[in-house]
Amino acid sequence: MGRETRLFKSRETKRREEIGDFLRQLADRIADGRVTLSQGGEDIVLQLPQSLVLEVQVEDEEKGQKGTQHSLELEFKWFDRESGEQAGPLELK
């Protein structure tokens, strides 16, 4: 296993509409191949290749008295060199 280094992390509470707006802007930047994330004077610029791996995961986690925490996680992965790995298409319905 390789070593993992966290380059950037953000966590904040937003309304659904704000998250939708952020995701639309992110989608446009992904399509352009360049994403810049900025928070508190910290910036990271991502140059994206033509092909990415998209992982979508939905989880429920019991949090004791707080109840069940639900999560929808989107993760994009790529290597410095593109691989030919392909899976079946994910669709939104």
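Values in this document were obtained by computation on a predicted structure and should not be read as measured data.

Reading the values: rules and limits
Residues numbered from 1 in each chain as written. Predicted model: local features only at pLDDT ≥ 70, side-chain atom pairs only at ≥ 80, totals over all residues. Heavy atoms only, no water. Helix = DSSP H or I, 4+ residues; strand = E, 2+ residues; numbered from the N terminus. Buried < 20%, exposed > 50% of the residue type's maximum accessible area, 1.4 Å probe, protein only. Contact = heavy atoms within 4.5 Å. Areas by Shrake-Rupley, 256 points an atom, 1.4 Å probe, with all protein chains shown as cover. Pairing = 2+ DSSP bridges. Expected span 1.5 Å × (residues − 1). Salt bridge = Lys/Arg side-chain N within 4 Å of Asp/Glu carboxyl O.

**Regarding the overall build of the protein**
Point 1. A tally of regular secondary structure across the protein gives 1 helix and 4 strands.
Point 2. In the protein, the succession of α and β elements from N to C terminus is α-β-β-β-β.
Point 3. Within the protein, the fraction of its 93 residues that count as buried is 6%.
Point 4. A separation of at least 24 residues holds for 34% of the contacts in the protein among residues at least 6 apart in sequence.
Point 5. Carbon and sulfur atoms make up 47% of the accessible area of the protein, which amounts to about 9,300 Å² in all.

**Observations regarding the pairing of strand β1 (residues 34-39)**
Point 1. Across 6 bridges, β1 lies against strand β2 (residues 42-47) in antiparallel orientation. Within β2, the residue paired with V35 across the bridge is L46.
Point 2. Hairpin connection, β1 to β2: the antiparallel pair is bridged by 2 residues, and G40 has positive phi, about 55°.

**Thoughts on the pairing of strand β4 (residues 68-77)**
Point 1. Summarising the sheet, strand β3 (residues 53-62) and β4 pair through 10 bridges and their orientation is antiparallel. If you follow V53 over to β4, its bridge partner there is K77.
Point 2. Here β3 folds back onto β4, and the loop between the two strands holds 5 residues, one of which, G64, carries a positive phi near 65°.

**Some details on helix α1 (residues 16-32)**
Structural remark: α-helix, 3.6 residues per turn; residues separated by three or four positions point the same way.
Point 1. Given a rise of 1.5 Å per residue, 17 residues ought to cover 24 Å, and the 24 Å separating the end C-alpha atoms of α1 matches this to within 8%.
Point 2. Once α1 ends, the next one or two residues include G33, with phi positive near 90°.

**With respect to the pattern of salt bridges**
Point 1. Scanning all chains against the criterion turns up 7 salt bridges.
Point 2. For K77, the salt bridge is made with E55, and the minimal N-O distance between the two is 3.1 Å. Of this pair, K77 sits in strand β4 while E55 sits in strand β3, and the two are 22 residues apart along the sequence.
Point 3. The partner of K63 in a salt bridge is E61, with the nearest N and O atoms 3.5 Å apart.
Point 4. Owing to a relative accessible area of 36%, K63 belongs among the partly exposed residues under this scheme.
Point 5. Exposure remark for E61: the relative accessible area of 39% places this residue in the partly exposed category.

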